Structure formats: C-alpha cells, structure tokens
Amino acid sequence: MATGKSTRAIEILRYDARYRDQSMEVLRKSFFQQEIVCIGSEVNLTPQAQKDLEQLCLDVADGGVSLIARDTDTDTIVGVSFNVLQTPSSPEDGNYFEQFRDTKCTTDSSRALMQYMITMDAKVNLFERFRVDCLLEIMFLATLPSYAGHGIATRLVEESVQLAKQLKCGKVVPTGGDERSGTVVAKQPQLVSALFTSRISQRVGEKVGFTVINQVPHAEFVYRGQTFSDRAGPEHPFSTLVVKHI
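Since the model is a prediction, treat every value here as computed from it, not as a measurement.

1. A look at the nonpolar core
And step 1. Ranked by internal contacts, the top residues of the largest apolar core, which has 78 residues, are Phe82, Leu113, Met114, Met139 and Phe140.
And step 2. At 8 residues, the largest contribution of residues to this core is made by helix α7 (residues 152-168).
And step 3. Not counting the four nearest positions on each side in its chain, Met139 is found in contact with Leu56, Cys57, Val60, Phe82, Asn83, Phe97 and Met117.

As structure tokens, this is what we get:
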C-alpha cells in the first residue's frame, strides 16, 4: 500500500518500453475501471475494448512524448500520462482518433469511447482558434488506486507541460522509433490540451493553470440507450476541454 507515500519518492520519466506491462496494468486497474467515459461506454465491462485501448496507448507511446511515474523504492510504475502530438488533418484523411476508430477498434464500447473523443475535439478547432500547427494532447491520465491522493497526476500533467515547452524550443525531441532510425522530424507544439472528464482531473487542470475552453454535459453522450451520466452518476456531470499556452 502507499499510505503516507511521499511524492519525493516518485520519479517522472519518459515512457520506456521496459515498463510496458506495468504501464498497461495502471490502465487496467485505474483508468478502464474508474474513468467516467470508460464507465459511460461500458469499457469497464468489456475486456476486448480495454485491449483495443491498450493498443491505442502503445501506438501513442511510440510517438515518444508519453510519461510514466515510477516509485523509486519499488521500481513500480504507479501513474501514466499517454500523450500525443497532434497536427491538423485534412477532411479526407481524418484525424488520428478517427483512423484508429475505423481500423483498430473491434468492439462497440471502444468505438463509443473513441467517438466521444472525436466529438469533443470537433466542437472546438484548437488549431484554428489559436493559430497553431502542433499541440501536445494529454490523452489518458491515470494513477494506481493505491497511490491516489498523493499528487502524482498533477506532477504528470506539470511534467507534460514542461516536456511540451522543451519540444517547442528544440531542447528535446520525441523518443519514438523514427528518431532511432535517424529520420525524425521534430514537431514543436505551441499548446497543450486535455479532455478532463471528472472533478478530480479538472482540479488537476486548475492547479496547473489550464484554461477551460469548452464544457459539455455527459448527458449528451449516449451508448446503448443510456447516457454516460446515467451510468457514471451525477458526481462528475461534464467534461471540459482545457488548454495551456507554452
């Protein structure tokens, strides 16, 4: 257990494939079971949907901008922030999430969760609104339940912002496969964005200085005849799209 665990013993690292299994375990124990949209789309009840979304995270991790939180005492991964660099897409190609929904989702539940993300993204075109050509999106953020309440999610978000700043000024580049092949073209984000679906993650955004751009009730999203709020309950009634300039 993590009772009394100081965040000073928690190290924030760039994602490393050595920790793949542990990182997926954080998703299985936390994100897929507790995330409001996972409950709303019944991902929490659909093991194959969880496997679909694990693949999404592994694909995203290849982009080299995801972070993990490691308990240095036990060499255990206790938190994850799967981040992705986004650039504008043409209407005929579709964006990254649309492509994943159409080619790699094998269940209605995983498709419903991806459709939620696509719908939320489509409500505000951040590229046009802020005149940027690249942003870093904090896609999936999770902490092991036994480590909740120790500020790990806040640190992951803070470090994601710092990573975006370093990418912007060229101090670091993504650590994905293209870089190892020597063909990487470094993307330089000018903005950090996230969809925060619970009051818990929304408070994290507030602490780190994100600005709310849009707020959408979970009652707007329906899966198999029930709204997301019907399944998830009234405690977390809406999602927010938030941004932070860097």
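2. Some words on α7
And step 1. Under the 1.5 Å per step criterion, the end-to-end length of α7 is 24 Å for 17 residues, consistent within 8% with the ideal 24 Å.
And step 2. Inspection of α7 places Ile152, Ala153, Thr154, Leu156, Val157, Ser160, Val161, Leu163, Ala164 and Leu167 among the buried residues, and these make up the whole buried set.
And step 3. Downstream of α7 by a residue or two, Gly170 has a phi angle that is positive, lying close to 80°.

3. Overview of the sheet that holds strand β6 (residues 211-217)
And step 1. Taken in spatial order, the 7 strands make up an open sheet running β1-β2-β3-β4-β5-β9-β6, and their pairing is mixed. Two strands close off the open sheet at either side, each with one partner strand: β1 (10-14) and β6. Sheet twist, expressed as the mean angle between neighbouring strand axes with direction ignored, is 20°.
And step 2. Set on the sheet, α7 makes contact with β1, β2 (67-71), β3 (76-86), β4 (135-143), β5 (191-196) and β9 (238-245); between it and β4 the angle comes to about 160°.

4. A word on the state of the cysteines
And step 1. In the structure shown here, the tally under the stated rule is 0 disulfides.
And step 2. With no disulfide of its own, Cys38 lies closest to Cys57 among cysteine sulfurs, the gap being 9.4 Å.
And step 3. With relative accessibility at 0%, the residue Cys57 sits in the buried group.

Criteria and thresholds
Residues numbered from 1 in each chain as written. Predicted model: local features only at pLDDT ≥ 70, side-chain atom pairs only at ≥ 80, totals over all residues. Heavy atoms only, no water. Core = buried A, V, L, I, M, F, W, Y, C linked by side-chain atoms within 4.5 Å. Buried < 20%, exposed > 50% of the residue type's maximum accessible area, 1.4 Å probe, protein only. Helix = DSSP H or I, 4+ residues; strand = E, 2+ residues; numbered from the N terminus. Contact = heavy atoms within 4.5 Å. Expected span 1.5 Å × (residues − 1). Pairing = 2+ DSSP bridges. Axes fitted to C-alpha atoms, helices over the stretch in contact; angles between N-to-C directions. Disulfide = S-S within 2.5 Å.

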